[in-house]
Number of protein chains: 2
Amino acid sequence: MIEFEELDPLLHSQLRLSIISLLVSQSESDFVFIKEKTGSTAGNLSVQLNKLSDAGYITIRKTFKNNYPLTTCKITQKGLKAFEVYVTAIKGYINPK
Amino acid sequence: MIEFEELDPLLHSQLRLSIISLLVSQSESDFVFIKEKTGSTAGNLSVQLNKLSDAGYITIRKTFKNNYPLTTCKITQKGLKAFEVYVTAIKGYINPK
DNA sequence: ATATTTGGTTTATTCTATAAACTACTTTAT
DNA sequence: ATAAAGTAGTTTATAGAATAAACCAAATAT
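None of the values given here were measured: they were computed from a predicted structure.

1. With respect to the relation of the copies chain A and chain B
So, step 1. Mapping chain A onto chain B calls for a rotation angle of 180° and an axial translation of 0.0 Å; the resulting RMSD is 0.1 Å. In short, the pair behaves as if placed about a two-fold rotation axis. In terms of C-alpha distance to the rotation axis, chain A has H12(A) as its closest residue, with the C-alpha 3.9 Å off the axis.
So, step 2. Of all interface residues in chain A, 100% are interface residues in chain B too; the two copies therefore contact each other through one and the same surface.

Right under this line is the structure:
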């Protein structure tokens, strides 16, 4: 039998995992904040945020602040659950029996 | 400042991480055993084993057993170290502050 | 006015992962 | 002895993901 649980491909990506990890503790964060904390480029971040949004793992709200566009991201219940499942799964890889 | 450490791309792959995780506890394992435990296809396994070998994370020995080819894999010191570094890094993602 | 900066998105390219096809040989059945 | 099926892999072709580069729209600074 197979020893290793599937790792949700949506979360098993350095950038997307960073984003979700951030949103787990920060709950609501804006584009620029996430960009700085993750060290990603804006282009890549834009793409990956939309993937997480398409999957229903986060919600994206677009507003304006001081005349500038402001993109705010928030983790959903689904995203939180998926993160928990991922964490449980990867522990099976990094704590070998 | 950036919050997340780089995840070694060689180890941040479901199959390659499974392989290394296996070899950490099993030390020496043959192709078929790894194939079964990881649930991978032979083709994919062949490719990923060579990548790990090229990186010096494992050694691959080719012999014969009962007339059949036998491919045996073993983790190196370098591979072990890389795994430890990876484990430390990913913990920064899955245990959010 | 025009150059630069902010806050992004879209597009094009490179890199990865995977399956499918293939190689080489062995065993078993006829 | 030959054909069919099985073992143990490798190579190749393709689909998907990650990334950088180019672009857009508006705001601010010179």
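That covers the picture; the talk isn't over yet.
2. Let's talk about the sheet that holds strand 3 (residues 68-75) of chain A
Residue and element names in this part refer to chain A.
So, step 1. Reading across the sheet, the three strands line up as 1-3-2 and stay open at both edges, with antiparallel pairing between neighbours. Strands at the two margins of the open sheet, each flanked by one partner only, are strand 1 (28-30) and strand 2 (58-65). Geometrically, the sheet is characterised by an average inter-axis angle of 30° between neighbouring strands, direction not taken into account.
So, step 2. With eight bridges connecting them, strand 2 and strand 3 associate as antiparallel partners. Bridging from a neighbouring strand, I60 pairs with C73 of strand 3.
So, step 3. Taken strand by strand, helix 2 (residues 31-38) contacts strand 1 and strand 3, and its axis lies near 85° from that of strand 1.

3. Some details on the protein's contact with DNA strand C
So, step 1. Near DNA strand C there are 22 residues, and of these F31(A), S46(A), T71(A), S13(B) and G43(B) occur at the shortest range.
So, step 2. Where the surface near DNA strand C is concerned, the elements lending two or more residues are helix 2, helix 3 (42-54) and strand 3 of chain A together with helix 1 (14-26) and helix 3 (42-54) of chain B.
So, step 3. Of the residues contributing to the surface near DNA strand C, the split by class is 11 nonpolar, 10 polar and one charged.

4. As for the sheet that holds strand 3 (residues 68-75) of chain B
Residue and element names in this part refer to chain B.
So, step 1. On the basis of which strands lie adjacent, the open sheet formed by three strands has the order 1-3-2 and antiparallel pairing. Since the sheet does not close on itself, it has two edges, and those belong to strand 1 (28-30) and strand 2 (58-65), each with one partner. Strand-to-strand, the axes of this sheet are offset by a mean angle of 30°, without reference to chain direction.
So, step 2. In the packing of helix 1 onto the sheet, contacts are made with strand 1, strand 2 and strand 3, and the angle to strand 3 comes to roughly 85°.
So, step 3. Across the sheet, helix 3 touches strand 2 and strand 3, and the angle it forms with strand 2 is around 125°.

5. Topic: the interface of chain A and chain B
So, step 1. Contacts between the two partners involve 20 residues from chain A, matched on the other side by 20 residues from chain B.
So, step 2. Of all the secondary-structure elements, those providing two or more residues to the side of chain A that touches chain B are helix 1 (14-26), helix 2 and helix 4 (77-94) of chain A.
So, step 3. Broken down by element, the residue count for the side of chain A that touches chain B peaks at six residues, all from helix 1 of chain A.
So, step 4. Among the residues making up the side of chain A that touches chain B, the classes are represented as 10 nonpolar, seven polar and three charged.

6. Overview of the packing of helix 4 of chain A against helix 4 (residues 77-94) of chain B
So, step 1. Where helix 4 of chain A meets helix 4 of chain B, the closest approach of the two axes is 11 Å, and the angle between their N-to-C directions is 165°. One way to sum up the angle between helix 4 of chain A and helix 4 of chain B is to call them roughly antiparallel. Crossing handedness for the pair helix 4 of chain A and helix 4 of chain B: left-handed. In this structure, helix 4 of chain A uses V87(A), I90(A) and I94(A) to contact helix 4 of chain B, whose residues at the interface are V87(B), I90(B) and I94(B).
So, step 2. For the contact of helix 4 of chain A with helix 4 of chain B, the residue count by class is six nonpolar, no polar and no charged.

7. Section: the environment of S27(A)
So, step 1. Its location among the elements puts S27(A) in the loop between helix 1 and strand 1.
So, step 2. Apart from the residues lying within four places of it in its own chain, the contact partners of S27(A) are K74(A) and I75(A).

8. Overview of the packing of helix 1 of chain A against helix 3 of chain A
Residue and element names in this part refer to chain A.
So, step 1. Viewed as axis vectors pointing N to C, helix 1 and helix 3 meet at an angle of 70°, and their least axial separation amounts to 10 Å. Overall, the two elements helix 1 and helix 3 adopt an arrangement that is roughly perpendicular. Read as a crossing pair, helix 1 and helix 3 show a hand that is right-handed. Only N44, Q48, L49, K51 and L52 of helix 3 make contact with helix 1, whose side of the interface consists of L15, R16 and I19.

Conventions used here
Within each chain, residues carry numbers counting from 1 in the order of the written sequence. Here every chain gets a letter starting at A, and every ligand a number starting at 1, in the order they are written. Thresholds applied to this predicted model are a pLDDT of at least 70 for local features of residues and 80 or more for the giving and counting of side-chain atom pairs; totals over whole chains, interfaces and linings are not thresholded and use all residues. The fit set for superposing copies consists of C-alpha atoms from residues with pLDDT of at least 70 in both; the fit itself is least squares. Two residues qualify as a contact pair if the distance between their C-beta atoms, derived from the backbone, is within 7 Å. When DSSP finds at least two bridges between two strands, those strands are taken to pair. Helix numbers and strand numbers start at the N terminus; a helix is a DSSP run of H or I with at least 4 residues, a strand a run of E with at least 2. Where helices are involved, their axes are fitted lines through C-alpha atoms of the stretch in contact, as for all axes, and angles between N-to-C directions lie from 0 to 180°. We call a residue near a molecule or strand when its C-beta atom, built from the backbone, sits within 6 Å of it. Residues are sorted three ways: Asp, Glu, Lys and Arg are charged, Ala, Val, Leu, Ile, Met, Phe, Trp, Tyr, Cys and Pro are nonpolar, and all the rest, Gly among them, are polar. Convention used here: angles under 35 degrees read as roughly parallel, angles over 145 as roughly antiparallel, angles from 65 to 115 as roughly perpendicular, and any remaining angle as oblique. Left-handed describes a crossing whose near helix is turned anticlockwise from the far helix through less than a right angle; right-handed describes the clockwise counterpart.

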